[in-house]
Amino acid sequence: MAIQVLTGNYSVALAAKLARVDVVAAYPITPQTSIVEKLSEYIEKGELDAKMIRVESEHSALAATFGAALAGARAFTATSSHGLLYMHEWVHWVSRARVPVVMAIVTRTIGTPWNIWPDHGDFMDQRDAGWIMSFGMDNQEILDLTLQAFKISEDPRVYLPVMVGLEGFILGHTSMPVDVPDQKLVDEWLGPRRQGYVIDGSEPLALGNLAWPEDTEEFFMDIQESMEEAKKVIKEVDKEYGRIFGREYGGLIEYYRCSDAKYIMVSMGAWSGDLKEAINLLRDNGYPVGLARIRYFRPFPDKEIYEVIRGAKGVIVFDRAISFGSMGPLFMDLVANTLKHTRRISVIQNIVAGIGGVNITYTDFTGLIKDFISIIESGGEPPVFKWYHRR
Amino acid sequence: MVEPLHIRMRNTIMSGDAACPGCPIPLGLKVVGAVFGNKVILVIPACCTSVVMGAWPGNGFNGSVIHVAFASAAAVASGIAEALEKRGIRDTQVIAWAGDGGTADIGMASLSGAAERNENFIYIMYDNEAYMNTGIQRSSSTPYGAWTTTTPVIGKREHKKDVARIMIAHGVPYVATASIAYPHDFEAKLRRAAKIRGFKFIHLHAPCPVGWRFDPGLTIKVAKLAVETGMWILYEYYEGRLRLSGPSRPYIDESKRKLIIEYLKLQGRFRRITDKEVLEIETYVKQAWDWVKKHM
């Protein structure tokens, strides 16, 4: 293992290289571009023995990735924002075909207006598509998540594609020290490509013929079951990875100062780092606060969330995306999934913020958390929904 | 000794395929099967063949079939071809098999991309000259004057998009036109294409009795008339030169061609065509031949 200073995007590219991907098909888009540039460089320099398909669009990027994966290659792609929306048809197609594929999503606000700064709108737009959806907090975790994505995707209990989210610029273009695993250890741990079926001419096989409603529904029910299985696999892989490479994150959720916390914050992505700062600051001032950071949005960690919030006096869910006309998607999922385990939910608030790339710092978080706690402690009821905006 | 084509065409399309009576699709696919056996992967976007292949768990073709999203046949075929190459698999032919909508219209960008990258597979556009699977709506490949359900009163005002010529302009190593009425010619073209590395495009004329409004017993007759009237010209283009194919050779001489009206009058879609419109089609055909002669 060796420490390298890497941007989030280069961490993704390096993870794909460590996984020895066979085929990459990608189309440039800000802020994803440096991933495909780096992979092209690896391939042209002969450092990575892979085929690069420089497609004419994102729709074709995922279509070609799918074709390669189907034909037995370990295949990878990456995109952002409008590129992701343009390939959305294929996002569904890949998971419904049960083909293991890994894709990095370097998040960026959806237009119009044109905006290159990150929120989670593009990532959240894929939530019903049958992919395992993970999201990192720093570049180390991005490398680890990307590498683990191959292992999870190719697990026979799962056989579903995996996307890894990271904010553009905040992580994508910011350099941090990253502990890079040893190639030999990665090879031993990851092993050769595994998939449910291969279409490579070795035997006649048909995929995707018209299926009657009952058959179709059963295919989709199986995806739902595999999502449940994936929860176990994700935890196993996290533990195993920790044993071999020295970093374990807690599985579907990272718990930060939660054990004695009376107020639980829930978030996802890079701003969780700022949230941790805020929590440390508040702890220093006697506030019993903790953070449950969502690492996997699909499958949704319903049981884990329930267990961490059930004793809490109050919960705030921070969303960096908005479902217009409703609320933040993380909040909606959290509330709905908690109902599987209890009918009683603590005082809960959804704060939507950082939309369009508006910068949110630990001082914002500190203020928001203090307001929330003071309302509850004085016997009041904080508003369930709040769109926090500042200039 | 190689068996005759009609013998080898047997058992390539399974009984119980879901084609309409007189459908040209199984005819074309039988030739593909005769050439490649089951060492073939067909990539099929949304089109009539999506239905013709039959319902899961059945499969109408004795080979591998991958049904894909509408705009993506060339992109998926690219991915498969690259993966097979990476894995050192050389005995399997990748073929994108797409209709005129999935090729000339919604699939044009991915087709152009794969052609420009010179991906190693054969793209076959079977051209029934409208969106037949959704019920006979016009495509850019529908000929001038034809009735469709989206040109229901006046008929199409624009001429057919010439996709083979667009592919030639891409500089790919092999482009050909073919017709389901001439299976031996189609076979020879598939064989030549299979030997060439890189992107190969075959534009297969495929008359549709349902959409063109003719008797299902006349599919071959209509397809032949397209060639005999000079409406559809069979050729190959490789190594920088166009070669007129056998069935079309006599018709370089205009006097040998049958009258275009003979082709049109068999088809209900041209029922309301005027003399002026026939003249317009004749001018279009003349220009097509002028272009062919110039590039021979």
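Refer to the structure printed above.
Below, the structure is looked at part by part. Throughout, a residue's number is its position along its own chain's written sequence, starting from 1. All chains are assigned letters beginning with A, and all ligands numbers beginning with 1, in the order in which they are written. Reporting in this predicted model follows two pLDDT cut-offs: at least 70 for local features of residues, and 80 or more for side-chain atom pairs to be given and counted; totals over whole chains, interfaces and linings ignore these cut-offs and use all residues. Side-chain measures were taken over the full set of non-hydrogen atoms in the model, leaving aside hydrogen atoms and water.

1. Focus on the pairing of strand 6 (residues 132–135) of chain A
Residues and elements named next belong to chain A.
Stage number 1. Burial status follows relative accessibility: with a 1.4 Å probe on protein chains alone, a residue under 20% of its type maximum counts as buried, one over 50% as exposed, and anything between as partly exposed. Secondary structure counts use DSSP, requiring at least four H or I residues in a row for a helix and at least two E residues in a row for a strand, with both numbered from the N terminus. Residues Ile132 and Ser134 point to one face of strand 6 and Met133 and Phe135 to the other, with burial holding for every one of them.
Stage number 2. By definition, two strands form a pair when at least two bridges between them are found by DSSP. As judged from the four bridges shared by strand 6 and strand 7 (residues 162–167), these two strands associate in the parallel manner. Within strand 7, the residue paired with serine 134 across the bridge is valine 164.
Stage number 3. Handedness of the crossover is the feature at issue here: the chain leaves strand 6, passes through helix 7 (residues 139–153), returns alongside strand 7, and the resulting connection is right-handed. Orient the strands so they point away from the viewer; a crossover is then right-handed if the path from the first strand over the helix to the second runs clockwise.

2. Remarks on helix 5 (residues 88–96) of chain A
Stage number 1. Within the span of helix 5 of chain A, buried status applies to Trp90(A), Val91(A), His92(A), Val94(A) and Ser95(A).
Stage number 2. Buried residues along helix 5 of chain A sit against helix 3 (58–70), helix 4 (81–86), strand 5 (102–107), strand 7 and helix 9 (213–245) of chain A together with helix 4 (73–86) of chain B. Two residues form a contact once any of their heavy atoms are found within 4.5 Å.

3. Some points on unusual backbone geometry
Stage number 1. Backbone torsion omega between Thr112(A) and Pro113(A) reads 0°, so that peptide bond is classified as cis.
Stage number 2. Topologically, Pro113(A) is positioned in the loop between strand 5 and helix 6 (121–124).
Stage number 3. Between Arg298(A) and the following residue, Pro299(A), the backbone shows a cis peptide bond with an omega angle of -5°.
Stage number 4. Tracing the chain through its elements places Pro299(A) in the loop between strand 13 (296–298) and helix 11 (302–309).
Stage number 5. Residues other than glycine seldom take positive phi values, yet Asn118(B) does so here, at roughly 55°.

4. Focus: the packing of helix 3 of chain A against helix 5 of chain A
Residues and elements named next belong to chain A.
Stage number 1. Fitted lines through C-alpha atoms serve as axes, helices being fitted only where they are in contact, and the angles separating the N-to-C directions of these axes extend from 0 to 180 degrees. Direction vectors running N to C along helix 3 and helix 5 enclose 15°, while the axes themselves pass 8 Å from each other. Taken together, the axes of helix 3 and helix 5 lie roughly parallel to each other. Classified by chirality, the crossing of helix 5 by helix 3 is left-handed. Contacts between helix 3 and helix 5 pair His59, Leu62, Ala63 and Phe66 from the former with Glu89, Trp90, Val91, Trp93 and Val94 from the latter.
Stage number 2. Residue classes follow a fixed rule: Ala, Val, Leu, Ile, Met, Phe, Trp, Tyr, Cys and Pro count as nonpolar, while Asp, Glu, Lys and Arg count as charged, and any other residue, Gly among them, counts as polar. Across the contact of helix 3 with helix 5, the residue classes break down as seven nonpolar, one polar and one charged. Angles are sorted into four bins: roughly parallel if under 35 degrees, roughly antiparallel if over 145, roughly perpendicular if 65 to 115, and oblique for all others. The handedness criterion is simple: a crossing whose near helix is rotated anticlockwise from the far helix by less than a right angle is left-handed, and one whose near helix is rotated clockwise is right-handed.

5. Quick look at the interface of chain A and chain B
Accessible area lost when the parts come together is the quantity often used to give the size of an interface.
Stage number 1. On the side of chain B, 38 residues touch chain A, which itself brings 40 residues to the contact.
Stage number 2. Approximately 2,900 Å² of surface area, both sides summed, lies buried where chain A meets chain B, with 62% of it carried by carbon and sulfur atoms.
Stage number 3. Any Lys or Arg side-chain nitrogen located within 4 Å of an Asp or Glu carboxyl oxygen qualifies as a salt bridge. Where chain A touches chain B, the interface holds five salt bridges.
Stage number 4. Here a polar contact means two N or O atoms within 3.5 Å. Within protein one must be a hydrogen donor candidate and the other an acceptor candidate, and residues neighboring in sequence count only if both atoms are side-chain atoms. Here chain A and chain B share 20 residue pairs in polar contact (both at pLDDT 80 or more) between them.
Stage number 5. Put simply, the parts of the chain that give the side of chain A that touches chain B at least two residues each are strand 3 (51–53), helix 3, helix 5, strand 9 (206–207) and helix 9 of chain A.
Stage number 6. At eight residues, helix 3 of chain A tops the list of elements feeding residues into the side of chain A that touches chain B.
Stage number 7. Looking at the side of chain A that touches chain B residue by residue, the classes come out as 23 nonpolar, eight polar and nine charged. Note on definitions: buried area is the accessible-area loss of two parts on being combined, 1.4 Å probe, summed for both.

Shape descriptors only; they carry no functional weight alone.
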